Amino acid sequence: DVTLRYIDHTSSELSMIGSAYNLTRVRQLEQMQRDFVGNVSHELKTPVTSLIGFTETLLDGAMEDKELTRQFLEIMQRDAKRLEHLIQEILQLSRGRDTYEGENQEINLKNFLEDLTKSYISQIQEKELQVEISSTSTSKPCFSTKPALFQPIVKNLFENAIQYSKEKGKIELHFSIDETSLTLSIKDNGIGIDLENQKRIFERFYRVDKARTRYSGGTGLGLSIVKNYVDLLGGTIELNSQVGVGTEFVVKL
Ligand code: ADP
């Protein structure tokens, strides 16, 4: 009898704690959603306002000046590209939330990383970067995973490595595969991230230096997509970084 009453007491208390916890969590999620919508609206509005402004100026007569028209069109093209990039990333984020997974497929890591490097060749050459691909696997460089999630992870990390590298910097892509897991390291010797910011860079829209990264076309969504997809694949991501020395992201699946 005593035991039964004890159990009753505990379970009702537990369920009270449970519902209080749920309520707090629901409120937190609602707040996060509001912040997200606010951020998205702000980020979308900036380039749209700029596009409308330049279109109006052109229509109001600036079009007569050929050189000015060219300058304006270049800015408009940059804004339109920024919008395209942003929309693409927002779609990727929502895809992650719907737990979209797709089918498992075998990926040849060596080929994949070589193709990825080739697709960024103009940025790599422009900054005179050196990209090194290496592996310590003894077996075939193949790993079975969901490409729809895996590819954007590596692409985003590689894009950042290029973006935050200094001129003539070096990017090292290293992987090892065994029967059950893949470890992939993406390492640069670029600007690095200080400890305070390391805690926050996986948050949506978080950028270390807003003005600078906005200028370079960043949205602050890349790493939150990466984190989301790594979670969906049941993996982990680790960050080692030091200001002025460089940054390494290690993905384990
Ligand atoms: P962004 O679109 O701004 O690159 P991310 O979510 O991909 O957004 O990254 C968030 C921030 O983390 C970046 O703005 C940058 O400040 C920092 N960051 C990411 N990767 C690196 C890196 N390899 N080296 C230095 N800083 C980085």
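Below is a short write-up of the structure. Everything numeric here is computed off the predicted structure, so don't read it as measured data.

The rules behind the values
- Residues numbered from 1 in each chain as written.
- Predicted model: local features only at pLDDT ≥ 70, side-chain atom pairs only at ≥ 80, totals over all residues.
- Heavy atoms only, no water.
- Buried < 20%, exposed > 50% of the residue type's maximum accessible area, 1.4 Å probe, protein only.
- Helix = DSSP H or I, 4+ residues; strand = E, 2+ residues; numbered from the N terminus.
- Phe/Tyr/Trp six-rings, centres within 6.5 Å; stacked < 30°, edge-to-face > 60°.
- Pairing = 2+ DSSP bridges.
- Axes fitted to C-alpha atoms, helices over the stretch in contact; angles between N-to-C directions.
- Contact = heavy atoms within 4.5 Å.
- Near = heavy atom within 4 Å.
- Polar contact = N/O pair within 3.5 Å; in protein donor to acceptor, adjacent residues only side chain to side chain.
- Nonpolar A, V, L, I, M, F, W, Y, C, P; charged D, E, K, R; others polar.

**Focus on helix α8 (residues 222-232)**
- Of all the eleven residues making up α8, eight are buried; the element is thus mostly covered by neighbouring parts of the structure.
- Turning to α8, its buried residues are G222, L223, S224, I225, V226, N228, Y229 and V230.
- Following α8 by one or two positions, G234 has its phi on the positive side, about 75°.

**Comments concerning the packing of aromatic side chains**
- Going through the model one piece at a time under the given rule, you end up with four aromatic pairs.
- A ring pair is formed by F112 and F150, whose centres lie 5.7 Å apart and whose planes are at 45°; its orientation type is tilted. Of this pair, F112 sits in helix α3 (residues 109-119) while F150 sits in helix α5 (residues 147-163), and the two are 38 residues apart along the sequence.
- For F112, a relative accessible area of 13% corresponds to the buried category.
- Residue classification places F150 among the buried positions, given a relative accessible area of 1%.

**Observations regarding the sheet that holds strand β5 (residues 182-188)**
- If you trace the five strands from one edge of the open sheet to the other, you get β2-β4-β5-β7-β6, paired in mixed fashion. The sheet is open, and its two borders are formed by β2 (130-135) and β6 (236-242), each paired with just one other strand. Looking at each pair of strands side by side, their axes are set apart by 10° on average, direction ignored.
- Strands in contact with α5 are β2, β4 (170-177), β5, β6 and β7 (246-252); relative to β5, the strand with the most contacts, it is inclined by about 20°.
- Most of the contacts of α8 go to β6, to which it runs at about 145°, and overall it touches β6 and β7.

**Looking at the site of the ligand**
- Around the ligand, the structure places 19 residues, and the nearest of them are N160, Y164, D188, T219 and L223.
- In the environment of the ligand, an oxygen atom lies 2.9 Å from a nitrogen or oxygen atom belonging to the side chain of N160.
- Contacts to the ligand include L223, whose backbone N or O atom sits 2.8 Å from an oxygen atom.
- When residues of the shell around the ligand are traced back to their parent elements, those giving at least two are α8 and β7.
- For the shell around the ligand, a count of residues per class yields nine nonpolar, eight polar and two charged.

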